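Geometric and topological summary
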Amino acid sequence: MKKYYKRENYLKRIRGFYNDASMIKVISGVRRCGKSCLMATIAQELTESGVEDENIIFIDLDKRGFKNVKTQDQLEKVIDERATAKGLKYLFIDEVQNVDGFEEVLNAYRLEDEFSIFITGSNAYLLSGELVTKLTGRYIEFEMLTLTFEEYLDMKKFLGKEVENLTTELDHYIHEGGFPQALTYDNEEDRRKYIDSVIKEIFEKDIKRRVKIRNVSGFQKVQQYIINNFGATSSITNLLESLNRAGISIKRNTLVHYIEILKDSKIIYECKRFDLKSKKSIGCAQKYYLSDLGFWFATNTDNRINYGPILENIVYCYALSKGYKISIGRIGKLECDFILRDSNMDYSYVQVSMTIMNDIKTEDREYAPFEMIHDNYPKYLLTRNDPIQKRNGIKHVNIPEFMADGKKFD
């Protein structure tokens, strides 16, 4: 039996629903982040817990033997041929969007109360709202990301690769990104080629099949521009101006449409700004972060590390993987990199800096937003590799150690 690296961060959230026949489990996330392997891991755990093989039905609609399954009747036939066991059956369907009208089929099996259903598929489709309408809310979504730094270290050990000191490993992680398959390649050029192929696959399978893009070249230029400028505060207006200066002529509505496509396909995440004084969201300015830094390094030849936006991106994705809702905080004229809100509606504040050791002005600048916040929620200053400071109850931590231990912001 093939051994899979266990993504415990997600498994522990799903285990409580393994035997739930009333809810369809939807595993979403950027293409190639590990959704199929997660489902295979769940199937293995069920087998290890005593579930008989005949009660586990695994259908990958991209693989030989299932690629021609395109209609509701064909999907039903494939499931019924395999659903002969008594008792609760565990139905796993990968790339479910390949079947037109799959929602009605899944809902029919859900109503029989004999199937615990797990699905993955194209994000541009699963997140389009059609599931919401056709499955009438009887599903629960588990969003996966590529490997966090914590998982990156664990998977290297799982693959038998050498793990160096944490700061060095953080720099490796920055260059290599967190796509699980990319980690299996030893050659940097091979990793770049693999991630570039992921971008092309997203366009061909998640975008082109679902969305009409008249100007493919224009879309790809916008995509590359946003990837190149991740982590920068931007609005639609200044994005349009910047694109025009770069020789990319595009209408406002088209740009908004392209950004929505990139968000639906999980290439980018949008992080909105929040005013701490008015307690209102600021709609005209936001930042876009990459779902994986590999997208940037695979499409650029410059290997120099600009730690500012890169460390912000890593912290953003890490917080997202821990289930936090994230905003950028504005306090008067100052900005706090992130305001995090957990499931209990408790907040924490986060500043990210490469270092605060350059001079006292740098140190004061990073602490200044915190000193204007007068509530008692935790405040974190994250740096790459600084001597730990103590100042006004603010928690100063270094990113590699904090994330390697899988800590939360509490």
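Above this note sits the structure.
Residues numbered from 1 in each chain as written. Predicted model: local features only at pLDDT ≥ 70, side-chain atom pairs only at ≥ 80, totals over all residues. Heavy atoms only, no water.

1. Thoughts on the overall build of the protein
Counting its regular elements, the protein contains 16 helices and 13 strands. Of the contacts formed within the protein by residues at least 6 apart in sequence, a portion of 68% connects residues at least 24 apart. Working note: accessible area of the protein is about 19,300 Å², and carbon and sulfur atoms make up 47% of it. (Helix = DSSP H or I, 4+ residues; strand = E, 2+ residues; numbered from the N terminus. Contact = heavy atoms within 4.5 Å. Areas by Shrake-Rupley, 256 points an atom, 1.4 Å probe, with all protein chains shown as cover.)

2. What about the sheet that holds strand S3 (residues 89–94)?
The strands that make up a sheet pair up through hydrogen bonds in the backbone, lying either parallel or antiparallel. Pairing is parallel in the open sheet, where five strands are placed in the order S2-S3-S4-S1-S5. One side of each edge strand has no neighbouring strand; the edge strands of this open sheet are strand S2 (56–60) and strand S5 (139–144). Looking at each pair of strands side by side, their axes are set apart by 15 degrees on average, direction ignored. When strand S1 (residues 24–29) meets strand S4 (residues 115–120), the two strands line up parallel, connected through three bridges. Directly across from Ile27, in S4, lies its bridge partner Thr120. Against the sheet, helix H4 (residues 102–111) engages S1, S3 and S4, with an angle of about 155 degrees to S4. (Pairing = 2+ DSSP bridges. Axes fitted to C-alpha atoms, helices over the stretch in contact; angles between N-to-C directions.)

3. So, the pattern of salt bridges
What the rule picks out here adds up to 33 salt bridges. The residue Glu8 makes a salt bridge to Arg15 at a minimum N-O spacing of 2.6 Å. Residue classification places Glu8 among the partly exposed residues on the basis of a relative accessible area of 37%. Asp186 is paired through a salt bridge with Lys161; the nearest N and O atoms lie 2.4 Å apart. Residue Asp186 is located in the loop between helix H8 (166–176) and helix H9 (188–207), and its partner Lys161 is located in the loop between helix H7 (149–158) and H8; the two are separated by 25 residues in the primary sequence. The network of salt bridges with common partners includes Arg31, Arg32, Asp62, Glu95, Glu201, Lys205 and Asp206. (Salt bridge = Lys/Arg side-chain N within 4 Å of Asp/Glu carboxyl O. Buried < 20%, exposed > 50% of the residue type's maximum accessible area, 1.4 Å probe, protein only.)

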